[in-house]
Amino acid sequence: MGITGNLTSDQLQSFNSQGYLVLESFASPEEIDTMTKRMERLLDDFDCSSTASIFSTKNQQKLTDSYFFESAEKISFFFEEKAFGEDGNLRLPKELSINKVGHALHEHDPVFKNFSSSEKFSSMLRSLGYRRPVVIQSMYIFKQPGIGGEVVPHQDNSFLYTEPTTCTGLWLALEDATIQNGCLWAIPGSHKNGLVRRFLRGEQGVYFDRSFPSYDQKDFVPIEVKAGSLVIIHGDLIHQSFENQSPKSRHAYSLHVVDTDGCKWAQDNWIRRKVEPEPLYTS
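Here the structure is a predicted model, which is why all the values come from computation and not from measurement.

If you tally the helices and strands in the protein chain, you get seven helices and 15 strands. Since a compact globule built from 283 residues should have a radius of gyration of about 19 Å, the 18 Å found for the protein chain is in line with a globular shape. Looking at the protein chain as a whole, 52% of its 283 residues qualify as buried. A sequence separation of at least 24 residues applies to 84% of the contacts in the protein chain between residues at least 6 apart. Put simply, the protein chain shows about 13400 Å² of open surface, and 48% of that area lies on carbon and sulfur atoms. In the protein chain, 29 positive and 37 negative side-chain charges are present, and the distance between their average locations comes to 2 Å.

Below you can see the structure in the form of structure tokens.
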């Protein structure tokens, strides 16, 4: 059987070996401009007095609330941990205080929906063997200057689990991502060691089913990319990003895809949808 998508044999071999793949110039400057301007509009319309939900990968159990759960099928706004002063007020304007917007931009906003359902995404997923893929979540991530929060080492399959596992992360750089402003880091080949733990949702909230091992930071390599580059991330790849302590932001648009053909969405995932997502295609 030949490759039916837009990835080459060499690219697939590299992805299978390393657990990630960088596709340069995946998005055009015009597409990037359209998405960033649309997010500016969404932020302008957002009333920050209506919520103060904070996103943190360090304190997920503590900070996960009903607003977070409901965001699975909405466009919701989450602040950086360091956005608020001791008086409870924002230290900076809201556009410099938001951590991310998620988790259903791809469903409810026409600009992000158009990009997320484009043929180039579908063609790439065919290359990866997806038969009936759905975008299970989408996020616009800001990585704000000076306060952009750390994302601790993790695997995407921990949070978006199917049986068998099928999650792939699609991380699009909307601005240049460098070591200075908090680019992705990964342990090449770590996806071959399987899933370490799961993030579960029970009656008492969310929790991890086991502790996460510590990793030697020398094993991580930086994934510095130019704006427009797409990073494809295997669901079992160990990856992270550090705080952004630079004066430059690091905007990105992130999608997570799972298959719905021959596999089952776990009922104890944090995402519990009321409406089944529409597949990008069926093969």
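So that's the structure; there's more coming.
We now examine the nonpolar core. In terms of nonpolar packing, the biggest core is built from 38 residues, with Met39, Met124, Leu172, Leu230, Ile232 and Tyr253 touching the most fellow members. Considering each element in turn, this core owes the most residues, five residues, to helix 2 (residues 29–45). The next biggest cluster of nonpolar side chains, apart from the first, holds 20 residues, and it includes Tyr20, Met139, Ala177 and Phe220.

Scanning the entire structure with this criterion turns up 14 salt bridges. Two residues, Glu31 and Lys120, come together in a salt bridge whose shortest N-O distance is 2.8 Å. Of the two residues, Glu31 sits in helix 2 while Lys120 sits in helix 7 (residues 119–127), which places them 89 residues apart along the sequence. Given the relative accessible area of 26%, Glu31 is considered partly exposed.

So, how was this worked out
- Residues numbered from 1 in each chain as written.
- Predicted model: local features only at pLDDT ≥ 70, side-chain atom pairs only at ≥ 80, totals over all residues.
- Heavy atoms only, no water.
- Helix = DSSP H or I, 4+ residues; strand = E, 2+ residues; numbered from the N terminus.
- Rg over C-alpha atoms; globule rule 2.2 N^0.38 Å.
- Buried < 20%, exposed > 50% of the residue type's maximum accessible area, 1.4 Å probe, protein only.
- Contact = heavy atoms within 4.5 Å.
- Areas by Shrake-Rupley, 256 points an atom, 1.4 Å probe, with all protein chains shown as cover.
- Lys, Arg positive; Asp, Glu negative; His and termini not counted.
- Charge placed at Lys NZ, Arg CZ, Asp CG, Glu CD.
- Core = buried A, V, L, I, M, F, W, Y, C linked by side-chain atoms within 4.5 Å.
- Salt bridge = Lys/Arg side-chain N within 4 Å of Asp/Glu carboxyl O.

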